[in-house]
Structures are given as C-alpha cells and as structure tokens.
Amino acid sequence: AADVAYLRSVLPSTTDDAFFDYLATLDASEVTVTAIPEGSVVFARVPFLQVKGPLLVVQLLETTLLCLVNYASLVATNAARFRLLAGPEMKLMEMGLRRAQGPDGALSASKYSYIGGFDCTSNILAGKLYGIPVRGTIAHSFVMSFRSLEEVQPRELPPLVGGDPVDLAALAVSWLQRVCDLLQTPPGKANQGELAAFVSYAVTFPCDFQGLLDTYCVKRSGLPNFCAVALALHQLGYQAIGVRLDSGDLAQQSKEIRRVFRACGAHFQVPWFGTIPIAVSNDISEQSLEEFRREESEINMIGIGTNLVTCPLQPSLGCVYKLVEVNGSPCLKLTEDEEKMTIPGMKTIYRLYDAAGESGGPSQSPWGNSLLHNSLPDVLLAGHPFMDLMALEEEPSPSAGQELGIRVLGRLGETTKVIPSTVEPLHRTYFRDGQVCEPLPSLHEVRTHAQVSLNLLSPAHRRLHEPQPYPVRPALPTFPLGNATW
C-alpha cells in the first residue's frame, strides 16, 4: 500500500484511479522463468534468461533482473579471467572491499569472484552471509604502531606441547642475530618496532603467524625480522603460515625471499621453512599475472582488489531485456544500430559437442566439408562444445548424430550442416506459477559448475589473447528473417 501511495504521489494527477487499484493486485503468479544454469559459460546473442507472463508484469521485472545479472556476470567473468591466467594451483584472494562500488557492490564482488574461481575473500561479511572462506594479513598500520620491544605485552608463549611459558621477544632477538649472521646483514638495520609487531602478533596467533615484509625495508628489516620470529616459534613447536609483499618488483622479490627461506631451512635444519607461502598484493592486474608466470616467480597466493571488483577492462556488461513475442506472435526490433536489432520468437538453446578424439580434420569434423570448416579452431580436443544452436521453442529438439541445418551468418540464403556427437539443452525452468520449481544450487555448487563449464571449452575458445570466436547460429528453418537480423 505504501508503494502504491508513493507512485500515486509522483505520477501525473490525471492517472486513472483504476490503474493504482490494478497495481495493488500485481503478483508473479502467472510468470515463468527459464534460464541457463548459473555459472554456465554463455556467449553473445544467447538468451540466457527468458521470462513469460502478463506484459506489464514482465516489463516491470526488466530493471530488477538486469541489475541482478549484469554486474554479477561481469565480476564472475573477470574473476574467471584471473583464474585462467593464474593457473589452477595459485591461491587467489579477493580483497576489493575498499575499492568496490559501495557496500552492496562489495558483497556482490566477493560472492561472484568466488563463483568465478577465487579461493577466498577478505570481506568478513561475505564470509558470514555466503560461506566463502575468509583470509587476511596484518596491516602496515599495525606494524607502524610499534616502536620497541618494550611495548609488547604479553610477551610470553608456552610451547605447543605444553610447559613453562617462554619470553618470545627475547628468543626472537637471539634468533635475529643468527639470521643476520647467515644473511650477512647488520642486525642494527632491522627495525625494532617491526620486530615488536611481529612478536606481538605471534604471541596472539602462534599457529597463524604471518609477516608483512615491506613496511620498511624487505631485505634489511622485514625478512630477517620475520625469519627470527618464525624460527623462535619453531623452537616452541609452532609453524609460520606465510608472508606478504605489497610493493616493489613482486616477482623478483619473491625469488629472493624464497632463496632466503631455503637457506634458513637448510642452515638451521628446519625443512618446512623453505616452503613458507609467499603472498603478494598491490594493484594486481592481468598483466601482473602474466609477468609473474613469465618471470617464474615463487608466489603462492595473490590478493586482487581494484582490478577485480571495478573491472577496468570493461566497466559494465551490456546485457539487454527485449520483447520477442506477444500472444504467440514473434516481435522484431529493427534499428539503425545493427547491434540493437533483436531476434524474434521464444527460443531454445542447444550446445553442440564434437566427438571424443576429433581433431577438426575434414574426415572427422562435425562440420564435414562445409564452408565454415576453416573458421573452426585448428585443434578440437575430445568432448568440447563447438557451437550453440538457437531454435524456436516449438521446433523439435535436435539429436546426437543427426545432421542439422544452420544458417551461415552474413551470407544471404546460404546454409551449411553439422553433425554433433552430443546435444545439451541449456535452458531449465526455474520459476512457474509463482513458485520456484527447480532446486537452486548452493554457492559452492555454482562455483564448481562454473569451473567445469570453462574447462569444457576448447583451449582455442578459452584463451584470453585472440580467442577463436565461438559460433552461435540459428537452426533451419528457424528465423526466416535471420539474415536481416544477424
């Protein structure tokens, strides 16, 4: 009632009272929503969500649905790009809360970055709401807040297996001398406030000790101070979990730090020391990940914020919501802008797969000897999708092994044929008669599906640089106006 009253106050005074009475009765009881499962790879021109129902109701849903879909798909795609560049073994942490488009944008970024392939988030609220693993490191301000070891309280820590508490600060000072002797660096160059911060953190979190190395000088202070405290903890039975770098040449520094860890591990007979994880942050981009790989860095975890949540390579996604059919009659939007032309009719989308072992050669290709054969990747590995086929809803479903006619885009009246080994219908009905009618997957299940969907693609389609265009084609006799609208 309050919503209708507000609309009455802002709409023209000449608006018929019956319209507001009608608005008060609106619901989604006659709405049906079909969609491609969340986390699926989709391509341009594919209708990944279709809404049927009373015209006014489905028109009112437009802005809400686009708001829900556009940024979510954009961030998940951006996250997937970072995952593809980083490789499956690298740990990726989303840490974009401070740069995101407000609190709502930050929560969405955390959620959909996880779907796209990130392992964890620094956003505690996202962890609470969505069950995403949370991770973080200490801040520069924490390190800078200490001036000397006298400020550390408490400073004693009992051994892991039990026993009398030990003065960890004093133990770390003794280890600092030994580490500096090994590294041939003066102990006096190590910042005492930084050492105090590390000791204080280690006393509080002895099983989760980590160091931020670049508050002052990595080589002369951060690294020897960390090693001293980590070795002191080891003497008491604990194991440090990692370090973070936030400035400088991250790849080169990671290699230098790894050499020091290995040297300490060998010299002090602490085998695990050489494998301490190294995390990095600092405006990480796709180019950064390419450089890390090219320089064979020793980085184990990457924290990405700004270039993940703000999507600078493409700040917005242009999904649209268009009328394609009214009362069973297809609708076609013609416009001067070819990109804005619509494809008429309710559609069903099928993903076509090649057969196991196909090489894309003429004798085995699902395209036979068609004119489109040369537009396929040079190599199609086993079981990869090679095309999405768009058919009208009332048309019979294609079958595996069946020869299918498709239109050749941009060539008026020209067609070709394909023979898929597997046909996958992509649309599912999730909402009917006002009720959710398909079990909705958990966030973890969506994330797993996203990775499977990506991995099914041919490497030629999946690569980020000059990817092979993935074809989306109308079937025959679908869309008699297809060549005018495609």
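Rules used in this analysis
Residues numbered from 1 in each chain as written. Predicted model: local features only at pLDDT ≥ 70, side-chain atom pairs only at ≥ 80, totals over all residues. Heavy atoms only, no water. UniProt positions renumbered as here; feature names shortened; annotations may be inferred. Helix = DSSP H or I, 4+ residues; strand = E, 2+ residues; numbered from the N terminus. Expected span 1.5 Å × (residues − 1). Buried < 20%, exposed > 50% of the residue type's maximum accessible area, 1.4 Å probe, protein only. Arc of directions from axis to C-beta. Contact = heavy atoms within 4.5 Å. 1 Å grid on protein atoms, 1.4 Å probe; cavity = no way out; pocket = protein on both sides within 12 Å on 5 of 7 lines; lining within 4 Å. Points joined across faces, edges and corners; volume = space filled by probe spheres on them. Nonpolar A, V, L, I, M, F, W, Y, C, P; charged D, E, K, R; others polar. Pairing = 2+ DSSP bridges. Phe/Tyr/Trp six-rings, centres within 6.5 Å; stacked < 30°, edge-to-face > 60°. Lys NZ or Arg CZ within 6 Å of the ring centre and 35° of its normal. Core = buried A, V, L, I, M, F, W, Y, C linked by side-chain atoms within 4.5 Å. Domains from an automatic or database assignment. Buried area = accessible area lost by both parts, 1.4 Å probe. Salt bridge = Lys/Arg side-chain N within 4 Å of Asp/Glu carboxyl O.

Looking at an unreviewed UniProt entry, the protein chain carries the name Nicotinate phosphoribosyltransferase, with the source organism given as Falcunculus frontatus. For the protein chain, the Catalytic activity (unreviewed entry) comment in UniProt is given as "5-phospho-alpha-D-ribose 1-diphosphate + nicotinate + ATP + H2O = nicotinate beta-D-ribonucleotide + ADP + phosphate + diphosphate". According to its UniProt record, the protein chain has this under Sequence similarities (unreviewed entry): "Belongs to the NAPRTase family."

J.: What exactly am I supposed to notice about the UniProt feature "domain: Nicotinate phosphoribosyltransferase N-terminal" (unreviewed entry) in the protein chain here?
T.: According to UniProt, the positions carrying the feature "domain: Nicotinate phosphoribosyltransferase N-terminal" (unreviewed entry) are residues 3-70. Structurally, residues 3-70 comprises 44% helix and 12% strand, and the distance from its first C-alpha atom to its last is 26 Å.

J.: Quick question: what am I supposed to make of helix α14 (residues 443-456) here?
T.: For α14, with 14 residues, the first-to-last C-alpha span of 20 Å sits near the 20 Å given by 1.5 Å per residue. Regarding α14, the residues found buried are Leu 443, Val 446, Arg 447, Ala 450, Ser 453 and Leu 454. Taken around the axis of α14, the buried residues stretch over an arc of 125 degrees, which confines them to a single face. On its buried face, α14 is in contact with α4 (62-86), α5 (102-116), α6 (124-130), β13 (347-353) and α15 (459-462).

J.: What is the right way to look at unusual backbone geometry in this model?
T.: Trans peptide bonds make up the majority, and among non-glycine residues the majority have a negative phi. Of the consecutive residues Gln 153 and Pro 154, the connecting peptide bond is found in the cis state with omega at -10 degrees. By secondary structure assignment, the location of Pro 154 is in the loop between α7 (140-144) and β5 (156-157). At Gln 184, a residue that is not glycine, the phi angle is positive and equals roughly 55 degrees. With respect to the helices and strands, the residue Gln 184 is situated in the loop between α8 (168-183) and α9 (192-204). If you check the backbone angles, Asn 282 has positive phi at about 110 degrees while not being a glycine. In this fold, Asn 282 is placed in the loop between β9 (278-280) and α12 (286-294).

J.: Even after reading the chapter, I still don't get the layout of surface pockets, so can you show me in this structure?
T.: Over the atoms rolls a probe the size of a water molecule, and in doing so it shows where empty space is left. Taken as a whole, the second largest pocket encloses approximately 650 Å³ of empty space. As for the second largest pocket, its lining consists of 22 residues, and the residues nearest its centre are Met 95, Arg 98, Arg 244, Asp 246 and Ser 281. Residues of the lining of the second largest pocket, tallied by class, amount to seven nonpolar, nine polar and six charged.

J.: Got a minute to help me understand the sheet that holds strand β3 (residues 91-94) in this structure?
T.: As a general point, the strands of a sheet are linked pairwise by backbone hydrogen bonds and lie either parallel or antiparallel. Taken in spatial order, the six strands line up as β4-β3-β10-β9-β8-β7 in an open sheet, and their pairing is parallel. Looking at the sheet topology across the chains shown, the edges are occupied by β4 (120-121) and β7 (210-212). With two bridges joining them, β9 and strand β10 (residues 301-304) adopt parallel strand pairing. Its bridge partner being in β10, Ala 279 is matched across the sheet by Met 301.

J.: What exactly am I supposed to notice about the packing of aromatic side chains here?
T.: Summed over all chains, the structure comprises 13 aromatic pairs. Geometrically, the ring pair formed by Tyr 201 and Phe 209 is tilted, given 6.4 Å between the ring centres and 55 degrees between the ring planes. The same class applies to Tyr 201 as to Phe 209, namely buried. Put simply, the rings of Phe 142, Phe 146, Phe 198, Tyr 201, Phe 205, Phe 209, Phe 226, Phe 261, Trp 272 and Phe 273 touch in pairs and so form one group of aromatic residues. A cation sits over an aromatic face here: Arg 447 above Tyr 114, 4.6 Å from the ring centre.

J.: Just checking my understanding: could you explain the sheet that holds strand β1 (residues 32-35) for this structure?
T.: With respect to topology, four strands assemble into an open sheet ordered β2-β1-β18-β19, the strand pairing being antiparallel. Of all the strands in the sheet, just β2 (49-52) and β19 (435-436) have a single pairing partner and so form its edges. Here strand β18 (residues 428-432) runs beside β19; their pairing, made up of two bridges, is antiparallel. Residue pairing across strands places Phe 431 opposite Val 436, the latter belonging to β19.

J.: Whenever I open this one, the pairing of β10 confuses me. Can you help?
T.: One face of the sheet, then the other: side chains in a regular strand alternate in exactly this way. One ladder, built from four bridges, connects β3 with β10; its direction is parallel. Counted as the bridge partner of Lys 91 is Met 301 from β10.

J.: Help me understand the nonpolar core, please; the structure alone is not making it clear to me.
T.: For soluble globular proteins, nonpolar side chains are generally found buried alongside one another. Val 199, Phe 209, Phe 226, Phe 261, Phe 273 and Ile 302 are the most contacted members of the largest nonpolar core, which has 87 residues in total. Residues lining this core come from more than one domain, with at least three contributed by each of domain 1 (31-47 + 326-474) and domain 2 (76-310). Ignoring anything within four residues of it in the chain, the contact list for Ile 302 reads Met 90, Lys 91, Leu 92, Met 93, Val 280, Ile 284, Leu 289 and Phe 292. Of all hydrophobic cores here, the second largest spans 13 residues; its members include Ile 36, Phe 43, Met 390 and Tyr 470.

J.: I'm lost on the domain arrangement of the protein chain in this one. Help?
T.: By a frequent convention, interface size equals the accessible area lost on bringing the separate parts together. Under the domain assignment used here, the protein chain contains domain 1 (31-47 + 326-474) and domain 2 (76-310). Each of domain 1 and domain 2 has a C-alpha centre, and these two points are 44 Å apart. On the domain 2 side, the residues contacting the 11 residues of domain 1 number 16 residues. Of the roughly 1,100 Å² buried at the junction of domain 1 and domain 2 (both faces included), carbon and sulfur atoms supply 64%. Of all residues in domain 1, Leu 443, Arg 447 and Leu 464 bury the most surface against domain 2, accounting for 59% of the area lost on that side.

J.: Quick question: what am I supposed to make of the pattern of salt bridges here?
T.: Close approach of charged atoms allows side chains of opposite charge to pair. Under the counting rule described, the total for this entry stands at 11 salt bridges. Of the charged contacts in the structure, one is a salt bridge between Glu 286 and Arg 81, with a shortest N-O distance of 2.6 Å. One end of the pair, Glu 286, is in helix α12; the other, Arg 81, is in helix α4, and 205 residues separate them in sequence. Residue classification places Glu 286 among the buried positions, given a relative accessible area of 13%. Residue classification places Arg 81 among the partly exposed positions, given a relative accessible area of 26%. With its nearest N and O atoms 3.8 Å apart, the salt bridge here joins Arg 428 to Glu 438. Remark: Glu 438 occurs in the loop between β19 and α14 and Arg 428 occurs in strand β18; sequence separation between them is 10 residues. Here Arg 428 falls in the partly exposed class, since its relative accessible area comes to 42%. Linked through salt bridges whose partners overlap, the residues forming this network are Arg 83, Asp 119 and Arg 447.

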